[in-house]
Amino acid sequence: MSAQDLTTDPFQSIRPYRDSEVSEVLSRMVRDNELVDVITHYQFPRLPKFLRRLLRPVIRIALAAKVGEIESITSFQMMVAGYMTKMISRTTTKLSCSGIDRLDPQEAYLFVSNHRDIAMDPAFVNWALYQYGMNTVRIAIGDNLLRKPYVSDLMRLNKSFIVKRSLKAPREMMAAMTQLSEYIDHSVQTGHSVWIAQREGRSKDGNDKTDPTLLKMFYMSHRKQRSFAEMVERLNIVPVSISYELDPCDAVKARELAAKAKDGAYQKAEFEDIDSIVRGITGNKGHVHVDFGEPIRGQFETPEALAAEIDRQILGGYYLHATHLAAADRPESDESKKVFSQRLDQVDDDAKVFLKAMYANPVFNRERIEGQLKDETNA
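Predicted model only: the values in this text are computed from it and were never measured.

## Considerations on the overall build of the protein chain
Assigned secondary structure in the protein chain consists of 17 helices and seven strands. Its C-alpha atoms give the protein chain a radius of gyration of 22 Å, near enough to 21 Å, the size a compact globule of 379 residues would have. For the protein chain, the spread of C-alpha atoms along the three principal axes comes to 65 × 55 × 45 Å. Burial status across the protein chain gives 51% buried among its 379 residues.

## Considering the nonpolar core
Taken as a class, soluble globular proteins show a tendency for nonpolar side chains to be buried jointly. With 54 residues, the main nonpolar core has L110, L157, I196, F218, I237 and L306 as its most contacted residues. Each residue touching L110, except ones within four places of it in the same chain, is listed here: I184, V188, V194, I196, F218, L235, N236, I237 and V238.

## Let's talk about the pattern of salt bridges
Under the defined criterion, the tally for this structure stands at 21 salt bridges. For E367, the salt bridge goes to R330, with nearest N and O atoms at 2.9 Å. Of this pair, E367 sits in helix 17 (residues 349–378) while R330 sits in the loop between helix 15 (322–327) and helix 16 (334–344); the two residues are 37 residues apart in sequence, bridging distant segments of the chain. In the salt-bridge network here, residues are joined through shared partners; they are D9, R15, R18 and E21.

## Some details on helix 7 (residues 120–131)
Across its twelve residues, helix 7 extends 16 Å between first and last C-alpha, which sits within 8% of the 16 Å expected from 1.5 Å per residue. Most of helix 7 is tucked away: ten of the twelve residues are buried. Those residues of helix 7 not exposed but buried are M120, D121, P122, A123, F124, V125, N126, W127, A128 and L129. Immediately downstream of helix 7, the backbone of G133 shows phi near 85°, a positive value.

## Some thoughts on the side chain of S241
Secondary-structure assignment places S241 in strand 6 (residues 237–244). For S241, a relative accessible area of 2% puts it in the buried group. Within the structure, S241 has its side chain in polar contact with the backbone oxygen of I314 (distance 3.0 Å). Setting aside residues no more than four positions away along its own chain, S241 makes contact with N114, H289, V290, D291, I314, G317 and Y318.

## A look at unusual backbone geometry
Positive phi outside glycine occurs at N236, with the angle close to 55°. Along the polypeptide, N236 turns up in the loop between helix 11 (228–235) and strand 6. Among the residues examined, N236 registers a relative accessible area of 6% and is labelled buried. Its identity is not glycine, yet D329 carries a phi of approximately 60°, on the positive side. Following the sequence through the fold, D329 ends up in the loop between helix 15 and helix 16.

## Points about the environment of T178
Tracing the sequence through the fold places T178 in helix 9 (residues 170–189). Residue classification places T178 among the buried residues on the basis of a relative accessible area of 19%. Separated by 44 residues in the primary sequence, T178 and H222 have C-alpha atoms spaced 9.4 Å apart. Those residues within four positions of T178 in sequence are excluded, and the remaining contacts are M220 and S221.

## Concerning the packing of helix 6 (residues 73–91) against helix 7
For the pair helix 6 and helix 7, interaxial distance at closest approach is 11 Å and the crossing angle is 100°. Classified by the interaxial angle, the pair formed by helix 6 and helix 7 is roughly perpendicular. Where helix 6 abuts helix 7, its residues Q77, M78, A81, M84, T85, M87 and I88 lie against M120, A123, F124, N126, W127 and Y130. Grouping the constituent residues of the contact of helix 6 with helix 7 by class yields ten nonpolar, three polar and no charged.

Quick notes on the rules
Residues numbered from 1 in each chain as written. Predicted model: local features only at pLDDT ≥ 70, side-chain atom pairs only at ≥ 80, totals over all residues. Heavy atoms only, no water. Helix = DSSP H or I, 4+ residues; strand = E, 2+ residues; numbered from the N terminus. Rg over C-alpha atoms; globule rule 2.2 N^0.38 Å. Buried < 20%, exposed > 50% of the residue type's maximum accessible area, 1.4 Å probe, protein only. Core = buried A, V, L, I, M, F, W, Y, C linked by side-chain atoms within 4.5 Å. Contact = heavy atoms within 4.5 Å. Salt bridge = Lys/Arg side-chain N within 4 Å of Asp/Glu carboxyl O. Expected span 1.5 Å × (residues − 1). Polar contact = N/O pair within 3.5 Å; in protein donor to acceptor, adjacent residues only side chain to side chain. Axes fitted to C-alpha atoms, helices over the stretch in contact; angles between N-to-C directions. Parallel < 35°, antiparallel > 145°, perpendicular 65-115°, else oblique. Nonpolar A, V, L, I, M, F, W, Y, C, P; charged D, E, K, R; others polar.

Function cannot be inferred from these measures alone, as they are strictly geometric.
Shown next as structure tokens:
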């Protein structure tokens, strides 16, 4: 990137694509053999590899026809909305929402969310906002998920921006985090809401906890102009809590946690994150609930104090399904206990304790938060 490009478009390397870039990006994607092969694999999973290669021209023509009339980010997202409608009807029994009436459709927000599913968490937030008549969000996504060019293109067409997690040199990391901080502030100030997870990576053990380091990153571009408390007010932060009755990736997560406990480490397969994205999209999710918290106001002087408030709202807004209550040995009925027992049977004995914990921990965390509030009230 030239110095002139940096001056005219300082966020070019991380921002979502613009309408003027859509046609070129889609044309590049249609020519990408790897993307065509992935589509063929999921359309015809039992087909031998050599036959998939023979089908490339047919799939490429079908893909070109599908995206031929897309000329803007909005039209791309309208196509995604069609797939979302089908996905919701096929993989959920219910999709509910609370707290969205606290939001002003004319305002932009920084949504800080718990994180259970790579693709579906921001997708469900977007769906709720879309139904409420609000604009969709810009989505923070780690560059560890964007190793494939077609994945990066797909995400950036869907208003994702890149979090550079793979950098190792301290100076490069500092520059990248400052740029990210500037971009988030720029987005909110220009009327574009942002979604970001409360910490790096999914919460695989069911414990939703905000990393103060993330909040320090928010402040990096503000520290010379305003206080931390002023930054909090400026960014219009809203905690979001997403709850799945069934996590399509729960068995995979439990096996990973069991392997780490046994061996001290876990080595991901090359396409494991992509497989998790597909599993999360296509798998049965049961009842999904999205809760929007109160926009954060007040004098929060430190990242730790702000993290505590975000945690309080996320844990307090988390919808406890029958699966959570059964895992915490508080079943609503014998039937719910039986259903969760069948869920446990997906995994070996060494992973069962981790699968049970990931569903039970939200119950224990809610009880802890309620206990703290009760103590404060009685003090």
